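Descriptive analysis of the structure
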Amino acid sequence: MSLVQLIYVSSVTSELSDAELDRILESSVRHNAEQEITGLLLYAEGNFMQVLEGSEAAIDETYGRICADARHKNLVLLSREVIENRQFSRWHMGYRRLDGVSVPPSSAYLDLARLRPDGHTVEAQAGDALALLRHFYELNR
Ligand code: FAD
C-alpha cells in the first residue's frame, strides 16, 4: 500500500467565522482519524494551505471530498508524491491561523499573508509549501 503526501492551496468562497473554521477542523479530525490520515491546515486572510498524508485510497477519496466543498475555491494542487515516511505524524489534522505571523526564510517565494505561490514553477512552489508547513509543524513541538 503506497503512502501518499498531497499539498494544495485554496481560497475561501466567502468570509468564514471562527465557528465555521472550527466546524471544518472538527470534521477533518473526525474523518482523518477514521482513515489514518495525518496533516496540517494553515489559514491566513482567506486562504488555506493543507498537507494530507495517508494511504493512496484514503488521500484520493478525502481530497475528492475537499475539492467538492463549496466553502472554498481556486484549489491549486501543488504536489502529490509517494513518500516513505509521514512528516506530520502527530496530528490527524493540525491547525494554525497565521494572520500577522512572519515568514520563515525558507519560504521566501510564498506570500504568507495570502498563502499563495507567487508565480515560480510548480516544483519550487511545492518545495516552499512543504518548508512552510514543516516550519509551523516544528514550532508546535
Ligand atoms: P460534517 O462534518 O458532518 O458536516 C458538519 C456540518 O458542516 C454540516 O451539517 C454542514 O452544516 C457543514 N458542512 C459540511 N460540509 C459542507 C460543505 N461542503 N459546504 C457547506 N457546509 C458544509 N474533510 C476531511 O475529511 N479531511 C480534511 O482534512 C478536510 N480538510 C478540509 C480543508 C478545508 C480547507 C475545507 C474547506 C474542508 C475540509 N474538509 C476536510 C471537509 C470536507 O470538505 C467535507 O466538508 C467533510 O469531509 C464532510 O464531512 P461530513 O459529510 O461528515 O459532514
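Residues numbered from 1 in each chain as written. Predicted model: local features only at pLDDT ≥ 70, side-chain atom pairs only at ≥ 80, totals over all residues. Heavy atoms only, no water.

**Details of the side chain of Q5**
Selection rule: Think of it this way: any DSSP run of H or I at least four residues long counts as a helix, any run of E at least two long counts as a strand, and we number them from the N terminus. Throughout this description, a polar contact denotes any pair of N or O atoms lying within 3.5 Å of each other; where both atoms belong to protein, one of them has to be capable of donating a hydrogen while the other can accept it, and for residues adjacent in sequence the pair is counted only when both atoms sit in side chains. By definition, residues are in contact when any of their heavy atoms lie within 4.5 Å.
Summarising the element assignment, Q5 is placed in strand β1 (residues 3–12). Within polar-contact distance, the side chain of Q5 engages the side chain of E53 at 3.1 Å. Polar side-chain contacts of Q5 include one of 3.0 Å to the side chain of Q87. Beyond its immediate stretch of four places on either side in the chain, Q5 contacts V51, L52, E53, S79, R80, E81, I83, Q87, F88 and L130.

**Considering the site of the ligand**
Heads up, the condition is: The nearness test applies per residue and asks whether one of its heavy atoms lies within 4 Å of the molecule or strand. Exposure was quantified through the Shrake-Rupley algorithm and a 1.4 Å probe, taking into account, for residues, occlusion by the shown protein chains and nothing else. Think of it as three bins: nonpolar holds Ala, Val, Leu, Ile, Met, Phe, Trp, Tyr, Cys and Pro, charged holds Asp, Glu, Lys and Arg, and polar takes everything else, Gly as well.
Lining the immediate environment of the ligand, one finds 19 residues, of which S27, H31, N32, R65 and D69 sit closest. Interatomic distance of 3.2 Å between a side-chain N/O atom of S28 and a nitrogen atom of the ligand. R30 places a polar side-chain atom, nitrogen or oxygen, 2.8 Å from an oxygen atom of the ligand. Protein coverage of the free-state accessible area of the ligand, which is 920 Å², stands at 69%. Looking at the shell around the ligand, the elements that each hand over two or more residues are α1 (18–34), β3 (47–55) and α2 (56–67). Looking at the shell around the ligand, the element that brings in the most residues is α1, giving seven residues. Residue classes in the shell around the ligand are distributed as seven nonpolar, seven polar and five charged.

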